[in-house]
Amino acid sequence: MGALAPQLVVQMGLIAAAGALMVLGLVLTVTARKTRKTHDLAIGAISDFIEKDASPSFVCTADGEVLRANAAARATYATRRGETLANSLRNTFANPGGILFRLKSQADLEGAAREDIVTRKGHMRLAVHQMGEDQLLWRLEAVPDTGQGRGTDGPGLPMIMVGRGGAVLYMNDGARAIAGRRVKALDGLFDRLPMVSGAVAQITGAEGHVDVLVCEVDAGAGRRAIYLLPPPPATEVSTWAGFEDLPVPLVRFTPDGLVCGFNRTGADLIGNVLVEGAHLSDLMEGLGRPIADWLDETVSGRAVQQSEFLRLKRPDKEMFVQVALSSMTEAGEASIIAVLADATELKTLEAQFVQSQKMQAIGQLAGGVAHDFNNLLTAISGHCDLLLLRHDQGDVDYSDLVQINQNANRAAALVGQLLAFSRKQTLRPEELDLRDTMADLTHLLNRLVGEKVSLTLTHDPVLKAIRADKRQLEQVLMNLVVNARDAMPDGGEIQIETECVTLSEPLERDRVSVPAGQYVCLRVIDQGVGIPPDKLQKVFEPFYTTKRTGEGTGLGLSTAYGIVKQTGGFIFVDSTVGQGTRFSIMFPVLERTVPKASTAPKVVPSSEPKHGDGVILLVEDEAPVRAFASRALRLRGYTVLEADSAEAALKTLEDETLNVDLFVTDVVMPGKDGPSWVREALKERPQVRVVFVSGYAEDKLSDQQEKIPNSVFLPKPFSLNDLAETVHQQLH
């Protein structure tokens, strides 16, 4: 009995739990039935409420299943219980699933949503309201037409509904009638995209090309409603007199291009050549194609470019105008209206920009050509020096070798002019007093001008010093004096003046701003024929000359300009035809005292070449230059190691037992350049001195040379003695 007692307790507990679960299930069942009955009563009440509604209404689940549909919905869409709302509306909307999802998502957030939708049958408004947690009430009603779609008294305006990607979602009957077909994308209808709302566009319709006025309206959800309206009629101007007092230059032409009217502003702009009966080609030029074609395109409406830039044929000054043509009709007669705008300043800026690009390109070309020529001249003059060592003055070949040497030097001077023009030459600036410079140069200048021209010098008694390259400054003066002489074929006087000028404020002239400060002004004045105004702006251009063929290269003034600008000065020109020309050069006054001697090593030719000893590593990529330099240095007693590249030089220096006293290296080479490999080599051999040689200007090296100790620069072309003397000075 004791063993049966626990088992009896367990059985009684299980029976009690089962009874509790049965009671709970009964309660839940009753509650669920009550809740469903209440819900069904609510649905029934709403269904009774919407049953008599004239607009189709639906009660649906959250998944879109139709629970109830009113009489209007059943009659219009034959909707049955259990089918989806999207299926019922498939013949009404192009994409019912997307529309329903969009509205349901908004209703989930806000409780209700609605959207106006354009359909084939007009505008429809679809609204949705939440009913509890999982049911929705949908209502569809027609929206009265506002005039944008289908009118009440006839067909609607031609309209195209376009989606986000440009696809055509819908075309009404009016749009189909114009297009003659159903199009899927805008590029299948419009001749040119993008079209602009409010502008006239051309479409390809059933009857060919048709002009329409495009009106675009936002239809929501990223869609656009595009209406195709009739284009506005061509504007007819009642009278030309209405344009007479307009502040815009206007000229009226016949379709053949003859002037038949103009206003006062147009006459002021074009000048005295504008008279009735004059042809457009007599007034302006520079179209680049026949003017008759331009006029025909304007009259027929085929003009592609809206405006053209032309040059006026004014005899007094050079002017450019921007011309826009449009057709007009007055009293039934077609004519062309030209709207003009002064574009002289714009074209001047454009010409200056093009000129600066051209000058930069020519400068780069000149610098590159000068570099290659300097390499060739170094080899020519160097090997000529080697030949001269083996011939004395009594030798029959000696005079020929001297001629070769002299012509090589003349070629070097020409290369110097190219570098001066491109502002890439090597300058040796020093402190100069222009009075002393002119005194040294007077004798040569007098020989240049000849007997029929007199030379007069006038100096400021308190003239201050400037900093410039004396040799290059003399070149500038000779170029200016020679030009002044050539401008006076019958003789005259050339005046050279120097004066100290103080600018209290910046001087704005010829698109240049001269900063305030003290300047030394050098003027060269002649009494020659003068320079016409249209040619005055071109005198500093390279290869531009007013002289006859064979009398000038066109490099004289461009070289002078390059030297002055590289020195930090300014050069201006003033000229009057028949009276003469004045060139003015302004150099900044030297504010602090600097050594008169150049800081660069000065090569002094020696009558007896100096011999020395030491090991020199010669690095030069040009084989002829390397051959001459190595022979020249060996003749002076040096041991020369040759390398044709920076990489080969560094490979040679890997031998730690090799003792090198001096590096002689080109600056610009394939692969690593001179300064780069020298800096790398000096890490292991800091005591070695360096001589840089180059056909480019020293300024290409100056910034890097400052970081390399015990280095000097020797410009190409150099002679045998130049090279030997520079090496000797570096080693001793």
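Residues numbered from 1 in each chain as written. Predicted model: local features only at pLDDT ≥ 70, side-chain atom pairs only at ≥ 80, totals over all residues. Heavy atoms only, no water.

A.B. asks: Is there a simple way to explain the overall build of the protein chain in this structure?
C.D. replies: When helices and strands are counted, the protein chain shows 19 helices and 30 strands. The buried share of the protein chain, taken over its 732 residues, is 39%. Put simply, 55% of the contacts in the protein chain that link residues at least 6 apart link residues at least 24 apart. Accessible area for the protein chain stands at about 40,300 Å²; split by element, carbon and sulfur atoms hold 54% of it. (Helix = DSSP H or I, 4+ residues; strand = E, 2+ residues; numbered from the N terminus. Buried < 20%, exposed > 50% of the residue type's maximum accessible area, 1.4 Å probe, protein only. Contact = heavy atoms within 4.5 Å. Areas by Shrake-Rupley, 256 points an atom, 1.4 Å probe, with all protein chains shown as cover.)

A.B. asks: Whenever I open this one, the confidence of the model for the protein chain confuses me. Can you help?
C.D. replies: When pLDDT drops low, the exact placement of atoms in the prediction is not to be read closely. Looking at the protein chain, the pLDDT average stands at 79 and 80% of residues meet or exceed 70. Averaged pLDDT values for the elements of the protein chain fall to 58 in helix 18 (residues 699-705) and rise to 93 in strand 23 (residues 517-525). Segment residues 146-155: pLDDT under 50, and 13 contacts once partners within four positions in sequence are set aside and those in other chains are kept. Every residue in residues 594-609 scores below 50 in pLDDT, and together they form 20 contacts with partners more than four places removed in sequence or on other chains. (pLDDT = per-residue confidence, 0-100.)

A.B. asks: Quick question: what am I supposed to make of the packing of aromatic side chains here?
C.D. replies: We describe a pair of aromatic rings using the distance from one ring centre to the other and the angle between the two ring planes. This structure, assessed with the given rule, holds three aromatic pairs. Their ring planes at 50° and their centres at 6.2 Å tell us that F58 and Y77 sit as a pair that is tilted. Residue F58 is found in strand 1 (residues 57-61), and its partner Y77 is found in helix 2 (residues 71-77); the two are separated by 19 residues along the sequence. An identical accessibility class is assigned to F58 and Y77; each is buried. (Phe/Tyr/Trp six-rings, centres within 6.5 Å; stacked < 30°, edge-to-face > 60°.)

A.B. asks: Looking at this structure, I do not really get the sheet that holds strand 3 (residues 112-119). What am I missing?
C.D. replies: Strand pairing in a sheet is mediated by backbone hydrogen bonds. Such pairs are either parallel or antiparallel. Taken in spatial order, the five strands make up an open sheet running 2-1-5-4-3, and their pairing is antiparallel. Looking along the sheet, the strands with just one partner apiece sit at the ends: strand 2 (66-69) and strand 3. In this sheet, neighbouring strand axes are inclined to one another by 20° on average, regardless of whether the strands run parallel or antiparallel. One ladder, built from five bridges, connects strand 1 with strand 5 (residues 135-142); its direction is antiparallel. (Pairing = 2+ DSSP bridges. Axes fitted to C-alpha atoms, helices over the stretch in contact; angles between N-to-C directions.)

A.B. asks: Just checking my understanding: could you explain the pairing of strand 4 (residues 122-131) for this structure?
C.D. replies: Within a regular strand, the side chains alternate between the two sheet faces. With seven of 10 residues buried, strand 4 is to be regarded as a mostly interior element. Here strand 3 folds back onto strand 4 in antiparallel fashion, the turn holding two residues.

A.B. asks: Which parts of the structure should I look at to understand the sheet that holds strand 7 (residues 168-171)?
C.D. replies: One open sheet holds the five strands; their spatial order is 7-6-10-9-8, and the pairing between them is antiparallel. The open sheet is flanked by strand 7 and strand 8 (200-205), the only strands paired with a single partner. The sheet shows a mean angle of 35° between the axes of neighbouring strands, direction not considered.

A.B. asks: It is not clear to me how the nonpolar core should be interpreted in this structure. Could you clarify?
C.D. replies: The nonpolar side chains of a soluble globular protein tend to be buried with one another. Counting residues in hydrophobic clusters, the biggest one holds 38 residues, and the most contacted among them are L445, I466, I494 and I585. Here the element with the most residues in this core is helix 12 (residues 470-486); it accounts for seven residues. In this structure L445 touches M438, L455, M478, V481 and I496, once residues within four positions along its chain are discounted. In this structure, L283, I291, M319 and I336 belong to the second largest nonpolar core, which totals 23 residues. (Core = buried A, V, L, I, M, F, W, Y, C linked by side-chain atoms within 4.5 Å.)

A.B. asks: Would you mind showing me how to read the pairing of strand 6 (residues 159-162) here?
C.D. replies: The two faces of strand 6 match: M159 and M161 on one face and I160 and V162 on the other face are all buried. Sheet analysis places strand 6 next to strand 10 (residues 223-229), joined by four bridges and oriented antiparallel. Residue M161 lies in a different strand from strand 10, and its bridge partner there is A225. Across three bridges, the pairing between strand 6 and strand 7 is antiparallel.

A.B. asks: Before we go on, may I ask you to explain the environment of S197 in this structure?
C.D. replies: Along the chain, the position of S197 falls in the loop between helix 5 (173-179) and strand 8. With relative accessibility at 42%, the residue S197 sits in the partly exposed group. Taking C-alpha positions, S197 is 5.5 Å from E216, a pair spaced 19 residues apart along the chain. Excluding residues within four positions of it along the chain, S197 makes contact with V214, C215 and E216.

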